[in-house]
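Reading the structure
The residues making up each chain are set out below.
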Amino acid sequence: VQLQASGGGSVQAGGSLSLSCVATGSLLEIMDMDWYRQAPGKQRELVARITSGGATNYADSVRGRATISRDDAKKAVYLQMNSLKPEDTAVYYCQADIATLDAVGAYWGQGTLVTVSS
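Throughout what follows, the structure given in this document is the object of discussion. (Residues numbered from 1 in each chain as written. Predicted model: local features only at pLDDT ≥ 70, side-chain atom pairs only at ≥ 80, totals over all residues. Heavy atoms only, no water.)

**As for the pairing of strand β3 (residues 17–24)**
We count it as follows: Partly exposed describes any residue whose relative accessible area lies between the buried limit of under 20% and the exposed limit of over 50%, with all areas from a 1.4 Å probe on protein chains only and scaled to the type maximum. Put simply, DSSP marks the helices as runs of H or I at least four residues long and the strands as runs of E at least two long, and each gets a number from the N terminus on. Whether two strands pair comes down to DSSP finding at least two bridges between them.
Residues L17, L19, C21 and A23 line the buried face of β3, whereas the alternating positions S18, S20, V22 and T24 sit on a face that is not buried. Relative to β3, strand β1 (residues 2–6) is paired through 5 bridges, and the arrangement is antiparallel. For Q2, the partnering residue across the bridge sits in β3 and is T24. Inspection of the sheet shows β3 paired to strand β8 (residues 76–81) by 6 bridges, in the antiparallel sense. Note that in β8 the partner of S18 across the bridge is Q80.

Below you can see the structure in the form of structure tokens.
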């Protein structure tokens, strides 16, 4: 199983960006799906989470500006970010808890860079 993230790029402050992450490979079920980010010199932090039932929660720093969603048919999770700020600059990672025939594990995407300029 692999997660492939895409959608990063450079944007001016106040702009918007949409990130996507798709799971590929043989899997049974995708449970929680998350977006994390890691800014230069900082620890990785949870940005948003969506459960298999569709419940969501957000970091205080992005609440009201971010929307996480998922499409289970496409094995995908999305993050829409609006009103971007320079402090949103980071590498964004998707993460999902996935059940395969062998086990349940946490899988990570490769990261996609978001740069917000003032």
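**Concerning the sheet that holds strand β7 (residues 66–71)**
Just so we agree on the cut-off: Lines are fitted to the C-alpha atoms to define the axes, a helix being fitted only along its stretch in contact, and any angle between axes, read from their N-to-C directions, falls within 0 to 180 degrees.
The strand order β1-β3-β8-β7 describes an open sheet built from 4 strands, whose pairing is antiparallel. Single-partner strands in this sheet number two, and they are β1 and β7. Looking at each pair of strands side by side, their axes are set apart by 15 degrees on average, direction ignored.

**Points about the pattern of salt bridges**
The condition that has to hold: Any Lys or Arg side-chain nitrogen found within 4 Å of a carboxyl oxygen on Asp or Glu counts as a salt bridge.
Overall, the coordinates contain 6 salt bridges when judged by the stated rule. The salt bridge partner of R37 is D88, with a shortest N-O separation of 2.9 Å. Here the residue R37 occupies a position in strand β4 (residues 29–38), and D88 occupies one in the loop between β8 and β9 (90–99), the gap between them amounting to 51 residues. Residue R37 is classed as buried on the basis of its relative accessible area, which comes to 5%. In the salt-bridge network here, residues are joined through shared partners; they are R37, E45, R65 and D88.

**Topic: the packing of aromatic side chains**
This is how the line gets drawn: Any two of the Phe, Tyr and Trp rings considered here, Trp counted by its six-membered ring, make a pair once their centres fall within 6.5 Å; the pair's planes then place it as stacked at under 30 degrees, edge-to-face at over 60, or tilted in between. The rule for a charge over a ring is simple: NZ of Lys or CZ of Arg within 6 Å of the ring centre, and within 35 degrees of the ring normal.
Tallied over the entire structure, the rule returns 2 aromatic pairs. Arranged with centres 4.9 Å apart and planes meeting at 55 degrees, the rings of Y36 and W108 form a pair that is tilted. Taken together, the residues span a long stretch of sequence, with Y36 in strand β4 and W108 in strand β10 (residues 104–108) at a distance of 72 residues. What makes W108 partly exposed here is its relative accessible area of 38%. Of the aromatic side chains, those joined through ring pairs into one cluster are Y36, Y93 and W108. The positively charged end of R44 is found above the aromatic ring belonging to Y93, 3.8 Å away from the centroid. Geometry around W108 places R44 over its ring, the cationic atom sitting 4.8 Å from the centre.

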